[in-house]
There are 2 protein chains.
Amino acid sequence: MIDFDKAGGLVPAIAQDADTGLVLMLAWMNREAFEETLRTQRACYYSRSRGRLWRKGEQSGHVQEVREVCIDCDADTVLLKVKQVGGAACHEGYESCFFRRVEGEELTVISQRVFDPKAVYGEN
Amino acid sequence: MIDFDKAGGLVPAIAQDADTGLVLMLAWMNREAFEETLRTQRACYYSRSRGRLWRKGEQSGHVQEVREVCIDCDADTVLLKVKQVGGAACHEGYESCFFRRVEGEELTVISQRVFDPKAVYGEN
(Lines give C-alpha, C1' and ligand atoms only; values in the text may rest on other atoms or scores of the structure.)
Protein backbone atom coordinates (compact mmCIF):
# COMPACT_ATOMS: atom_id res chain seq x y z
CA MET A 1 0.00 0.00 0.00
CA ILE A 2 2.93 2.31 0.81
CA ASP A 3 6.47 1.73 -0.36
CA PHE A 4 8.36 2.47 2.83
CA ASP A 5 11.60 1.17 1.35
CA LYS A 6 11.54 3.78 -1.42
CA ALA A 7 11.22 6.54 1.14
CA GLY A 8 13.98 5.31 3.44
CA GLY A 9 11.56 3.76 5.91
CA LEU A 10 9.68 6.93 6.82
CA VAL A 11 6.93 8.83 5.04
CA PRO A 12 5.34 12.16 5.98
CA ALA A 13 1.85 12.01 7.46
CA ILE A 14 -0.41 15.06 7.50
CA ALA A 15 -3.15 15.29 10.13
CA GLN A 16 -6.17 17.35 9.16
CA ASP A 17 -9.21 18.11 11.28
CA ALA A 18 -11.98 15.94 9.84
CA ASP A 19 -14.67 18.52 10.53
CA THR A 20 -13.06 21.90 9.90
CA GLY A 21 -10.36 20.99 7.35
CA LEU A 22 -7.70 22.75 9.42
CA VAL A 23 -4.26 21.25 8.79
CA LEU A 24 -3.10 20.33 12.28
CA MET A 25 0.42 18.97 11.93
CA LEU A 26 2.88 16.93 9.96
CA ALA A 27 4.71 13.97 11.47
CA TRP A 28 6.37 10.80 10.20
CA MET A 29 5.36 7.18 9.97
CA ASN A 30 7.26 3.97 9.52
CA ARG A 31 5.45 0.79 8.55
CA GLU A 32 4.76 -0.14 12.16
CA ALA A 33 3.24 3.27 12.95
CA PHE A 34 1.09 3.17 9.82
CA GLU A 35 -0.20 -0.32 10.58
CA GLU A 36 -0.92 0.52 14.20
CA THR A 37 -2.82 3.63 13.08
CA LEU A 38 -5.00 1.56 10.77
CA ARG A 39 -5.56 -1.12 13.39
CA THR A 40 -6.36 1.14 16.34
CA GLN A 41 -7.85 4.12 14.46
CA ARG A 42 -5.68 6.34 16.62
CA ALA A 43 -2.79 8.27 15.13
CA CYS A 44 0.55 6.64 15.79
CA TYR A 45 3.66 8.29 14.37
CA TYR A 46 7.37 7.62 14.45
CA SER A 47 9.33 10.21 16.41
CA ARG A 48 12.60 10.91 14.64
CA SER A 49 14.02 12.70 17.66
CA ARG A 50 13.12 9.93 20.11
CA GLY A 51 13.76 7.10 17.67
CA ARG A 52 10.60 5.23 18.59
CA LEU A 53 6.87 5.01 17.97
CA TRP A 54 4.97 8.03 19.19
CA ARG A 55 1.37 7.41 20.06
CA LYS A 56 0.06 10.95 19.71
CA GLY A 57 -1.40 12.01 23.06
CA GLU A 58 0.49 9.40 25.09
CA GLN A 59 1.66 12.14 27.46
CA SER A 60 -0.96 14.85 27.07
CA GLY A 61 -4.01 12.66 26.55
CA HIS A 62 -4.67 14.62 23.36
CA VAL A 63 -5.07 11.63 21.08
CA GLN A 64 -6.20 11.82 17.47
CA GLU A 65 -9.16 9.62 16.58
CA VAL A 66 -8.75 8.68 12.94
CA ARG A 67 -11.80 9.09 10.72
CA GLU A 68 -10.19 8.54 7.32
CA VAL A 69 -6.80 7.59 5.89
CA CYS A 70 -5.82 8.71 2.37
CA ILE A 71 -2.72 7.98 0.31
CA ASP A 72 -1.27 10.22 -2.38
CA CYS A 73 -0.65 9.37 -6.03
CA ASP A 74 2.97 8.36 -5.40
CA ALA A 75 2.01 6.26 -2.37
CA ASP A 76 4.59 8.01 -0.25
CA THR A 77 2.53 10.45 1.81
CA VAL A 78 -0.34 9.80 4.22
CA LEU A 79 -3.25 12.11 4.97
CA LEU A 80 -5.18 11.43 8.18
CA LYS A 81 -8.54 13.05 8.81
CA VAL A 82 -8.88 13.12 12.55
CA LYS A 83 -10.82 14.30 15.54
CA GLN A 84 -8.28 16.00 17.79
CA VAL A 85 -9.13 15.26 21.42
CA GLY A 86 -8.40 18.24 23.67
CA GLY A 87 -8.76 20.69 20.81
CA ALA A 88 -5.05 21.25 20.20
CA ALA A 89 -2.57 19.22 18.18
CA CYS A 90 0.47 21.36 18.89
CA HIS A 91 2.66 20.80 21.94
CA GLU A 92 2.85 24.57 22.25
CA GLY A 93 -0.87 24.66 22.98
CA TYR A 94 -2.21 25.79 19.62
CA GLU A 95 -4.95 24.02 17.71
CA SER A 96 -2.58 23.62 14.76
CA CYS A 97 1.21 23.46 14.62
CA PHE A 98 0.96 25.93 11.72
CA PHE A 99 0.15 28.88 13.96
CA ARG A 100 2.63 31.27 12.37
CA ARG A 101 2.32 33.04 9.06
CA VAL A 102 5.15 34.46 7.01
CA GLU A 103 4.68 38.21 6.56
CA GLY A 104 7.61 39.75 4.74
CA GLU A 105 10.69 38.95 6.84
CA GLU A 106 8.61 38.25 9.93
CA LEU A 107 6.57 35.40 11.41
CA THR A 108 3.22 36.46 12.85
CA VAL A 109 1.25 34.29 15.27
CA ILE A 110 -2.23 33.88 13.78
CA SER A 111 -3.92 31.70 16.43
CA GLN A 112 -4.84 31.72 20.08
CA ARG A 113 -3.49 29.14 22.51
CA VAL A 114 -6.04 26.49 23.49
CA PHE A 115 -4.03 25.33 26.50
CA ASP A 116 -0.97 26.28 28.53
CA PRO A 117 1.82 23.85 27.61
CA LYS A 118 3.26 23.98 31.13
CA ALA A 119 -0.03 22.80 32.60
CA VAL A 120 -0.14 19.83 30.23
CA TYR A 121 3.51 18.80 29.93
CA GLY A 122 4.99 20.27 33.12
CA GLU A 123 7.62 22.95 33.48
CA ASN A 124 10.52 21.27 31.72
CA MET B 1 12.97 31.31 9.29
CA ILE B 2 13.42 27.63 8.41
CA ASP B 3 16.40 25.57 9.43
CA PHE B 4 17.10 23.76 6.18
CA ASP B 5 20.39 22.41 7.52
CA LYS B 6 18.65 20.54 10.33
CA ALA B 7 16.38 18.82 7.84
CA GLY B 8 19.12 17.80 5.41
CA GLY B 9 18.38 20.64 3.01
CA LEU B 10 14.78 19.72 2.21
CA VAL B 11 11.55 20.25 4.14
CA PRO B 12 8.06 18.99 3.32
CA ALA B 13 5.61 21.55 1.98
CA ILE B 14 1.86 20.96 2.08
CA ALA B 15 -0.35 22.75 -0.44
CA GLN B 16 -3.92 23.35 0.69
CA ASP B 17 -6.70 24.98 -1.31
CA ALA B 18 -7.11 28.44 0.21
CA ASP B 19 -10.87 28.47 -0.32
CA THR B 20 -12.05 24.91 0.31
CA GLY B 21 -9.39 23.64 2.72
CA LEU B 22 -8.78 20.57 0.56
CA VAL B 23 -5.26 19.23 1.03
CA LEU B 24 -3.93 19.14 -2.52
CA MET B 25 -0.45 17.64 -2.31
CA LEU B 26 2.82 17.37 -0.48
CA ALA B 27 6.11 18.21 -2.10
CA TRP B 28 9.58 19.30 -0.96
CA MET B 29 11.40 22.60 -0.75
CA ASN B 30 15.01 23.57 -0.44
CA ARG B 31 15.98 27.09 0.56
CA GLU B 32 15.99 28.29 -3.04
CA ALA B 33 12.49 26.91 -3.71
CA PHE B 34 11.15 28.45 -0.50
CA GLU B 35 12.64 31.85 -1.26
CA GLU B 36 11.38 31.80 -4.84
CA THR B 37 7.90 30.90 -3.60
CA LEU B 38 7.88 33.87 -1.23
CA ARG B 39 9.26 36.20 -3.88
CA THR B 40 6.98 35.20 -6.75
CA GLN B 41 3.91 34.07 -4.76
CA ARG B 42 3.82 31.01 -6.97
CA ALA B 43 4.59 27.58 -5.56
CA CYS B 44 8.11 26.43 -6.38
CA TYR B 45 9.23 23.06 -5.05
CA TYR B 46 12.35 20.95 -5.31
CA SER B 47 11.86 17.77 -7.28
CA ARG B 48 13.78 14.95 -5.64
CA SER B 49 13.42 12.72 -8.69
CA ARG B 50 14.60 15.38 -11.15
CA GLY B 51 17.14 16.91 -8.77
CA ARG B 52 16.16 20.48 -9.60
CA LEU B 53 13.67 23.23 -8.84
CA TRP B 54 10.15 22.41 -9.91
CA ARG B 55 7.98 25.38 -10.68
CA LYS B 56 4.60 23.78 -10.20
CA GLY B 57 2.67 24.07 -13.46
CA GLU B 58 5.76 24.66 -15.61
CA GLN B 59 4.60 21.93 -18.00
CA SER B 60 0.84 21.80 -17.44
CA GLY B 61 0.21 25.49 -16.84
CA HIS B 62 -1.50 24.49 -13.61
CA VAL B 63 0.40 26.87 -11.36
CA GLN B 64 -0.40 27.47 -7.71
CA GLU B 65 -0.95 31.10 -6.73
CA VAL B 66 0.14 31.42 -3.13
CA ARG B 67 -2.22 33.24 -0.79
CA GLU B 68 -0.56 32.44 2.53
CA VAL B 69 2.59 30.72 3.82
CA CYS B 70 2.63 29.20 7.30
CA ILE B 71 5.44 27.51 9.23
CA ASP B 72 5.03 24.86 11.89
CA CYS B 73 6.21 24.96 15.51
CA ASP B 74 9.47 23.17 14.72
CA ALA B 75 10.12 25.39 11.69
CA ASP B 76 10.68 22.38 9.51
CA THR B 77 7.42 22.11 7.57
CA VAL B 78 5.73 24.62 5.26
CA LEU B 79 2.00 25.00 4.67
CA LEU B 80 0.97 26.88 1.54
CA LYS B 81 -2.58 28.09 1.05
CA VAL B 82 -3.02 28.34 -2.67
CA LYS B 83 -5.36 28.89 -5.56
CA GLN B 84 -4.81 25.94 -7.89
CA VAL B 85 -5.06 27.12 -11.48
CA GLY B 86 -6.70 24.52 -13.73
CA GLY B 87 -8.56 22.97 -10.81
CA ALA B 88 -6.28 19.96 -10.33
CA ALA B 89 -3.01 19.66 -8.44
CA CYS B 90 -2.36 16.00 -9.25
CA HIS B 91 -0.53 14.92 -12.40
CA GLU B 92 -3.05 12.10 -12.64
CA GLY B 93 -5.80 14.65 -13.23
CA TYR B 94 -7.40 14.73 -9.80
CA GLU B 95 -8.06 17.87 -7.81
CA SER B 96 -5.96 16.46 -4.95
CA CYS B 97 -3.14 13.92 -4.98
CA PHE B 98 -4.93 12.28 -2.04
CA PHE B 99 -7.65 10.78 -4.19
CA ARG B 100 -7.50 7.31 -2.65
CA ARG B 101 -8.82 6.23 0.70
CA VAL B 102 -7.71 3.18 2.66
CA GLU B 103 -10.63 0.82 3.18
CA GLY B 104 -9.54 -2.36 4.88
CA GLU B 105 -6.87 -3.89 2.67
CA GLU B 106 -7.99 -1.89 -0.37
CA LEU B 107 -7.51 1.59 -1.78
CA THR B 108 -10.70 3.20 -3.07
CA VAL B 109 -10.70 6.16 -5.45
CA ILE B 110 -12.83 8.86 -3.82
CA SER B 111 -12.62 11.64 -6.44
CA GLN B 112 -13.43 12.32 -10.06
CA ARG B 113 -10.78 13.27 -12.58
CA VAL B 114 -10.79 16.97 -13.51
CA PHE B 115 -8.65 16.44 -16.61
CA ASP B 116 -7.22 13.65 -18.75
CA PRO B 117 -3.49 13.42 -17.98
CA LYS B 118 -2.69 12.38 -21.55
CA ALA B 119 -4.30 15.53 -22.90
CA VAL B 120 -2.20 17.69 -20.58
CA TYR B 121 1.13 15.87 -20.45
CA GLY B 122 1.04 13.85 -23.69
CA GLU B 123 1.07 10.11 -24.13
CA ASN B 124 4.43 9.29 -22.53
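Note that this is a predicted model, so its numbers are computed, not measured.

J.: Looking at this structure, how should I read the nonpolar core?
T.: Most often, soluble globular proteins keep nonpolar side chains buried together rather than apart. B:M25, B:M29, B:F34, B:Y45, B:V78 and B:L80 are the most contacted members of the largest nonpolar core, which totals 31 residues. If one sorts the elements of this core by residue count, strand β2 (residues 23-29) of chain B sits on top with 4 residues. Discounting chain neighbours no more than four positions away, the residues touching B:V78 are A:F98, B:I2, B:V11, B:P12, B:A13, B:I14, B:M29, B:F34, B:V69, B:C70 and B:I71. A:W54, A:V69, A:L80 and A:V82 belong to the second-largest nonpolar core, a separate cluster that totals 30 residues.

J.: Teacher, can you tell me more about the sheet that holds strand β7 (residues 100-103) of chain A here?
T.: Two orientations exist for strands paired in a sheet by backbone hydrogen bonds: parallel and antiparallel. Read from one edge of the open sheet, 6 strands run β8(A)-β7(A)-β5(B)-β6(B)-β1(B)-β2(B), paired in mixed fashion. A single partner strand is all that each edge strand has here, and the edge strands are β8 (106-109) of chain A together with β2 of chain B. Taken over all neighbouring pairs, the strand axes of this sheet differ in orientation by 35 degrees on average, direction set aside. With 2 bridges connecting them, β7(A) and strand β5 (residues 64-71) of chain B associate as antiparallel partners. Considered in β5(B), the bridge of A:R100 is made with B:I71.

J.: What exactly am I supposed to notice about the relation of the copies chain A and chain B here?
T.: Mapping one chain copy onto the other needs a rotation about an axis and a shift along that axis. The two copies are related by a screw motion: chain A maps onto chain B through a turn of 180 degrees and a shift of 0.0 Å along the axis, at an RMSD of 0.0 Å. Such a combination of rotation and displacement between the chain copies is what one expects of a two-fold axis. Across chain A, the smallest distance between a C-alpha and the rotation axis is recorded for A:G21, namely 2.7 Å. When the interface residues of chain A are mapped onto chain B, 100% of them again fall at the interface, so both copies present the same face.

J.: Would you mind showing me how to read the pattern of salt bridges here?
T.: Here the idea is simple: oppositely charged side chains can pair when their charged atoms come close. Scanning the entire structure with this criterion turns up 18 salt bridges over all chains. In this structure, a network of salt bridges that share partners links the residues A:E68, A:K81, B:R101 and B:E103.

J.: In this structure, what is going on with the interface of chain A and chain B? I would like to understand it.
T.: How big an interface is tends to be expressed through the accessible area that disappears when the partners come together. Listed per partner, the contact involves 36 residues of chain A and 37 residues of chain B. When the two sides are added together, the surface that chain A and chain B hide from each other amounts to roughly 2800 Å², 69% of it contributed by carbon and sulfur. Summed over the three residues of chain A that lose the most area to chain B, namely A:C73, A:F98 and A:R100, the buried surface amounts to 22% of that side. Scanning the region where chain A abuts chain B turns up 4 salt bridges. Notably, a salt bridge pairs B:D76 with A:R48, separated by 3.8 Å at the nearest N-O pair. Summed over the shared surface of chain A and chain B, the number is 12 residue pairs in polar contact (both at pLDDT 80 or more). Listing elements by their share of the side of chain A that touches chain B, those giving two or more residues are β1 (11-17), β2 (23-29), β5 (64-71), β6 (78-84), β7 and β8 of chain A. Looking at the side of chain A that touches chain B, its residues break down into 21 nonpolar, 5 polar and 10 charged.

J.: Where do I start with the state of the cysteines in this structure?
T.: By definition, a disulfide links the sulfur atoms of two cysteines through a covalent bond. Applying the stated criterion across every chain, the model contains 0 disulfides over all chains. Not engaged in a disulfide, the cysteine A:C70 finds its nearest cysteine sulfur in B:C97; these two sulfurs lie 12 Å apart. Residue A:C70 is classed as buried on the basis of its relative accessible area of 1%. B:C73 carries a free sulfur, and the closest cysteine sulfur to it, the one in A:C97, is 3.7 Å from it.

J.: I would appreciate a short explanation of the pairing of strand β3 (residues 44-47) of chain A in the present structure.
T.: Consecutive residues of a regular strand have side chains that alternate between opposite faces of the sheet. Residues and elements named next belong to chain A. Judged from the 4 bridges that link them, β3 and strand β4 (residues 52-55) form a sheet pairing that is antiparallel. Its bridge partner being in β4, Y46 is matched across the sheet by L53. Between β3 and β4, which pair antiparallel and follow one another directly, the connecting turn spans 4 residues, one of which, G51, has a positive phi of 65 degrees.

What counts and how
- Residues numbered from 1 in each chain as written.
- Chains lettered and ligands numbered in written order.
- Predicted model: local features only at pLDDT ≥ 70, side-chain atom pairs only at ≥ 80, totals over all residues.
- Heavy atoms only, no water.
- Core = buried A, V, L, I, M, F, W, Y, C linked by side-chain atoms within 4.5 Å.
- Buried < 20%, exposed > 50% of the residue type's maximum accessible area, 1.4 Å probe, protein only.
- Helix = DSSP H or I, 4+ residues; strand = E, 2+ residues; numbered from the N terminus.
- Contact = heavy atoms within 4.5 Å.
- Pairing = 2+ DSSP bridges.
- Axes fitted to C-alpha atoms, helices over the stretch in contact; angles between N-to-C directions.
- Least-squares fit on C-alpha atoms with pLDDT ≥ 70 in both.
- Salt bridge = Lys/Arg side-chain N within 4 Å of Asp/Glu carboxyl O.
- Buried area = accessible area lost by both parts, 1.4 Å probe.
- Polar contact = N/O pair within 3.5 Å; in protein donor to acceptor, adjacent residues only side chain to side chain.
- Nonpolar A, V, L, I, M, F, W, Y, C, P; charged D, E, K, R; others polar.
- Disulfide = S-S within 2.5 Å.

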